[in-house]
Structures are given as structure tokens and as C-alpha cells.
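Spelled out, the chains give:
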Amino acid sequence: MPNDINLNITDDSGVLSLVDCAAYRTFVSEDWDYDGITAHFQTQMSLRSILVWHCGDGGGEYSVTFRDHITSDTGYREVVGAIEATSNRLHLVSYNALTMAAQFEDELLPSKHERDLVIAVEPGRYNVRIVQLYNPDKAGFARKRKPHFLIELALGQSAIWSNVAWALE
């Protein structure tokens, strides 16, 4: 990933994720509930196959810029976590796609409409820094500026997330 890569993703719930689709176990249950899918995310985050974060607003279209190095760029808030690429790609995935795959065993990730939301990487463990560049409490005004998120990846070790980032804020 020699230059910044800009991707746009839509999600109705305001929850986004970075996923190693080759390693992430998708199916939870045909009748999963929020506690069940959250526990599933926690397990998969401990295996470094996914990072999930809440945008803090009601959803919509998000613009995301990816970088192949860590910077000191600042925003409204940031979080650092670990993911492992078992192949040469990671995908930006919506909560909508995660929940469909959680409910139906034959639903795969990436979903058809998100297949192009891919980041080419070398296989390995990554330190991932996610910076939210707008205040979700002022989303109407602040979201007019783009990008909305900056995601920086660098080979290395980082803390494993135990919860969906920013879900309780």
C-alpha cells in the first residue's frame, strides 16, 4: 500500500470493522442477539481476525483513508489495536454485512457489495491505529468534512481489544 487509499462504506448502524476475511469465523446463530454477537466479536478480536468500532452516530456513508504507516495526525478520538493478516488482504466491513454473515451460514465475507473495500497488505501481525476525525455528537456539521476515519497500519505488535471500541462512550 504505497499511497493513501480512500474507501467509502455505508452502514445503517454506525458500526464498522476491519476484517481478515480468511480467518474470521462468521456464523453465530440463526437467532443471535446483541450480547451473543458482541461475545463473538470479543472472541474473534482475541484471535486478531477483526477490529470492530462504533462510530457514535446513527450510521450513513463513511469515508475512510488507509495508510501503511503510523503518524501523529490527530482527530476527535483514536484507538490502537491488533489484527493479523493471514493472506495478503484486509477488508473494511459494515455491521450490516457482519450481522448477515452471523445469521446465515452460507453468507460469506466480504459481502458482494463490499468486495472492493480491500486493502492489500503483507501477511503478518499489524498495529492498527484508528482515528475518528469528526465529533459524532456534531455529526451533521462535522461529517461534511472528509475523510471521517483514518486507519493506519504498520507491521508489529499491539494490544488486543476486549470490546467493541467506543461502544460505551
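The present account deals with the structure reproduced in this document.

Thresholds applied
Residues numbered from 1 in each chain as written. Predicted model: local features only at pLDDT ≥ 70, side-chain atom pairs only at ≥ 80, totals over all residues. Heavy atoms only, no water. Axes fitted to C-alpha atoms, helices over the stretch in contact; angles between N-to-C directions. Helix = DSSP H or I, 4+ residues; strand = E, 2+ residues; numbered from the N terminus. Parallel < 35°, antiparallel > 145°, perpendicular 65-115°, else oblique. Contact = heavy atoms within 4.5 Å. Nonpolar A, V, L, I, M, F, W, Y, C, P; charged D, E, K, R; others polar. Salt bridge = Lys/Arg side-chain N within 4 Å of Asp/Glu carboxyl O. Buried < 20%, exposed > 50% of the residue type's maximum accessible area, 1.4 Å probe, protein only.

Attention shifts here to the packing of helix α1 (residues 34-46) against helix α2 (residues 95-103). It is at 12 Å that the axes of α1 and α2 come closest, and there the two elements cross at 100°. Taken as axis vectors, α1 and α2 run roughly perpendicular relative to one another. Contacts from Tyr-34, Ile-37 and Phe-41 in α1 reach Tyr-95, Leu-98, Thr-99 and Ala-102 in α2. Residue composition of the contact of α1 with α2, by class: six nonpolar, one polar and no charged.

Note on pairing: side chains with opposite charge can pair once their charged atoms come close. Under the defined criterion, the tally for this structure stands at six salt bridges. A salt bridge links Asp-73 to Arg-67, with the nearest nitrogen and oxygen atoms 2.6 Å apart. When its relative accessible area of 33% is taken as the criterion, Asp-73 is described as partly exposed. For Arg-67, a relative accessible area of 16% corresponds to the buried category. One salt-bridge network, in which partners are shared between bridges, spans Asp-4, Arg-67, Asp-73, Glu-78, Arg-129 and Glu-152.

What follows covers unusual backbone geometry. Generally, phi is negative for residues other than glycine and the peptide bonds are trans, each holding for most cases. Here the bond from Leu-109 into Pro-110 is cis, since omega is 0°, no more than 30 degrees from zero. Considering the arrangement of structural elements, one finds Pro-110 in the loop between α2 and β7 (118-120). The phi torsion at Arg-48 lies on the positive side, around 65°, for a residue other than glycine. Relative to the assigned elements, Arg-48 resides in the loop between α1 and β3 (50-54). Given the relative accessible area of 15%, Arg-48 is considered buried. Even without being glycine, Trp-166 reaches a positive phi, approximately 65°. Tracing the backbone through its elements, the reader meets Trp-166 in the segment after β9 (149-155). Residue Trp-166 is classed as buried on the basis of its relative accessible area, which comes to 8%.

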